[in-house]
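# Architecture at a glance
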Protein chains: 2
Amino acid sequence: MYTALYNHIRKYVAFADADAAALEPYLYKKEVKRKEILLKPGQVCKDHYFVKKGLVRMYLMDEKDTEKITTFAIENWWVTDNDSFITGQPTEYYMQAIEACELIYIKAAERDALFKTVPAYESYTRMIAERALVAYQRRVNFINMMSDEERYRFFVESFPGFLQRVPQYMLASYLGFTPQFMSKIRAKR
Amino acid sequence: MYTALYNHIRKYVAFADADAAALEPYLYKKEVKRKEILLKPGQVCKDHYFVKKGLVRMYLMDEKDTEKITTFAIENWWVTDNDSFITGQPTEYYMQAIEACELIYIKAAERDALFKTVPAYESYTRMIAERALVAYQRRVNFINMMSDEERYRFFVESFPGFLQRVPQYMLASYLGFTPQFMSKIRAKR
């Protein structure tokens, strides 16, 4: 049931069957429908989700009620509002399933006990957090340094599977493009 | 000698004198002069620096040779190019001391041995990485959602000590302002 997660953990750390057995009581699963909202502003984000199947996005609403997409997560990615999950403050984000999803998750409230019980899971969590840091750094870099067209090409080359799965207007929001600019850039290719 | 770091670690995890003794062989120190360059593009970032005293910045150079400052680090902050430090790829960044600095650092090559020897240090590293993630998330949010004037106010309120220590043109670079806009906004206050 949790095999996809165990396989992912084993890419990073030594993780015996006994570790998996010790981890299992801390794992939960959730099936969500397409377009279902998993989190909205004002709630505290109490869960950290591992995408077993499907596609999730996170977004903010600006003062003009325009969506700003900050995150996409597909299979084998972890997704949460780190700020709310770690600090316990209410979130400013929406989290929504773009496709029907199967999710595995752990609870913020149980993390300390989990890390104590399965130290290999804490090593894995440290490595996942560091990977996420690298991704964030590349994203800030990408906002700072690339032209719109370079950003589009970088995204398409880095995440080829996304183009087919994500509606065009969502990709435009993530890349900070107007839908008009998005149509123009696609027509060019 | 490493007391500032031990005090910082103890804010996050239980850390006995025996842990400090076990950690010490993995710690190094470096004193750098004002304006000294610690890292430049093409090098691999092999060290993770804890600022004991002083102020460090990281920046990129765009194709017009304009500096884009991405990071400031003052006392009790960790600073590195996470991407290069974690993946071992060459950096695209410059790291430079803005003030004369006393730095404590650990080496990428010794991290695995260090984590094995001092598990409490891995917990601390996990928490620091998660804190850095929260900071990055807030930064992306802040780029996406705030007007220039809101960004300036947010920065001044969040990091009041910086204004006196950082030259105005560097703050303008970090916030993505022209020096002209920066003068105007400061005159307004």
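Residues numbered from 1 in each chain as written. Chains lettered and ligands numbered in written order. Predicted model: local features only at pLDDT ≥ 70, side-chain atom pairs only at ≥ 80, totals over all residues.

### So, the domain arrangement of chain A
Residues and elements named next belong to chain A. Operational definition: An automatic or database domain assignment provides the domain bounds reported here. Two residues qualify as a contact pair if the distance between their C-beta atoms, derived from the backbone, is within 7 Å. Numbered from the N terminus, helices here are DSSP runs of H or I no shorter than four residues, and strands are runs of E no shorter than two. In this classification, Asp, Glu, Lys and Arg are treated as charged, Ala, Val, Leu, Ile, Met, Phe, Trp, Tyr, Cys and Pro as nonpolar, and every other residue, Gly included, as polar.
Domain boundaries assigned for chain A yield domain 1 (3-144) and domain 2 (146-189). For domain 1 and domain 2, the distance between their C-alpha centres works out to 24 Å. Facing ten residues of domain 1, the contacting portion of domain 2 comprises ten residues. Here the side of domain 1 that touches domain 2 gets four residues from one element, more than from any other, and that element is strand β5 (residues 67-73). Classifying every residue of the side of domain 1 that touches domain 2 gives six nonpolar, no polar and four charged.

### Remarks on the interface of chain B and chain A
Between chain B and chain A, the residue contacts involve 27 residues of the former and 27 residues of the latter. Counting only elements with at least two residues in the side of chain B that touches chain A, the list comes to β5 (67-73), α3 (82-87) and α5 (119-145) of chain B.

### As for the sheet that holds strand β3 (residues 47-53) of chain B
Residue and element names in this part refer to chain B. Applicable threshold: Whether two strands pair depends on DSSP finding at least two bridges between them.
Taken together, four strands build an open sheet; the order of strands is β1-β8-β3-β6 and the sheet is antiparallel. Bordering the open sheet on either side are β1 (28-32) and β6 (78-79), each of which pairs with just one other strand. Here β3 runs beside β6; their pairing, made up of two bridges, is antiparallel. By the bridge assignment, Tyr49 is partnered in β6 with Val79.

### Considerations on the relation of the copies chain B and chain A
Here is the rule: Copy-to-copy alignment: least squares on C-alpha atoms, limited to residues at pLDDT 70 or above in both.
For the match of chain B to chain A, the screw axis carries a shift of 0.0 Å, the RMSD comes to 0.0 Å, and the turn is 180°. Accordingly, the operation relating the two chain copies is best matched by a two-fold axis. Among all residues of chain B, the one whose C-alpha sits closest to the rotation axis is Arg126 of chain B, at a distance of 2.2 Å. When the interface residues of chain B are mapped onto chain A, 100% of them again fall at the interface, so both copies present the same face.

### Observations concerning the nonpolar core
To keep things clear, this is the line we draw: Any nonpolar core is a set of buried residues, restricted to Ala, Val, Leu, Ile, Met, Phe, Trp, Tyr and Cys, that join up through C-beta atoms within 7 Å. With C-beta atoms placed from the backbone, a residue is buried if 20 or more other C-beta atoms are within 10 Å of its own, exposed if 12 or fewer are, and partly exposed between those counts.
Ranked by internal contacts, the top residues of the largest apolar core, which has 85 residues, are Val56 of chain A together with Val56 of chain B. When sequence neighbours within four positions are dropped, the list of residues in contact with Val56 of chain A reads Tyr49, Val51, Ala73, Val79, Met95, Gln96, Ala97, Ile98 and Cys101 of chain A.

### Some details on the sheet that holds strand β2 (residues 37-39) of chain B
Condition: To obtain each axis, a line is fitted to C-alpha atoms, and for helices this fit is confined to the stretch in contact; angles are then taken between N-to-C directions over 0 to 180 degrees.
Strand order in this open sheet of four strands is β2-β7-β4-β5 (chain B), and the pairing throughout is antiparallel. Edge positions in the sheet fall to β2 and β5 of chain B, since each has one partner strand and no second. Ignoring which end each strand starts from, the neighbouring axes of this sheet average 30° apart. As paired elements, strand β4 (residues 56-61) of chain B and strand β7 (residues 94-97) of chain B share four bridges and run antiparallel to each other. Residue pairing for β7 of chain B: Val56 of chain B is matched across the bridge by Ala97 of chain B. Contacts from helix α5 (residues 119-145) of chain A reach β4 and β5 of chain B, with the element oriented near 150° to β5 of chain B.

### Observations concerning the pairing of β3 of chain B
All names here are of chain B. Here β3 lies mainly inside the structure; six of its seven residues are buried. Both β3 and strand β8 (residues 101-107) contribute to a ladder of six bridges, which runs antiparallel. Bridge pairing links Lys53 to Glu102 in β8.

### Considerations on the packing of α5 of chain A against α5 of chain B
This is how the line gets drawn: Each angle gets one of four labels, with under 35 degrees taken as roughly parallel, over 145 as roughly antiparallel, 65 to 115 as roughly perpendicular, and the rest as oblique. By convention the crossing between two helices is left-handed if the near helix lies anticlockwise of the far one by an angle smaller than a right angle, and right-handed if it lies clockwise.
At a minimum axis distance of 9 Å, the contact between α5 of chain A and α5 of chain B shows a crossing angle of 30°. Viewed along their axes, α5 of chain A and α5 of chain B adopt a mutual orientation that is roughly parallel. The way α5 of chain A lies across α5 of chain B gives a crossing that is left-handed. Residues belonging to the contact of α5 of chain A with α5 of chain B are distributed by class as follows: 14 nonpolar, four polar and eight charged.

### Side note on the environment of Lys29 of chain B
All names here are of chain B. Locating Lys29 in the fold gives a position in strand β1. For the pair Lys29 and Glu99, spaced 70 residues apart in the sequence, the C-alpha separation amounts to 16 Å. Residues in contact with Lys29, not counting those within four places in the same chain, are Leu103 and Ile104.

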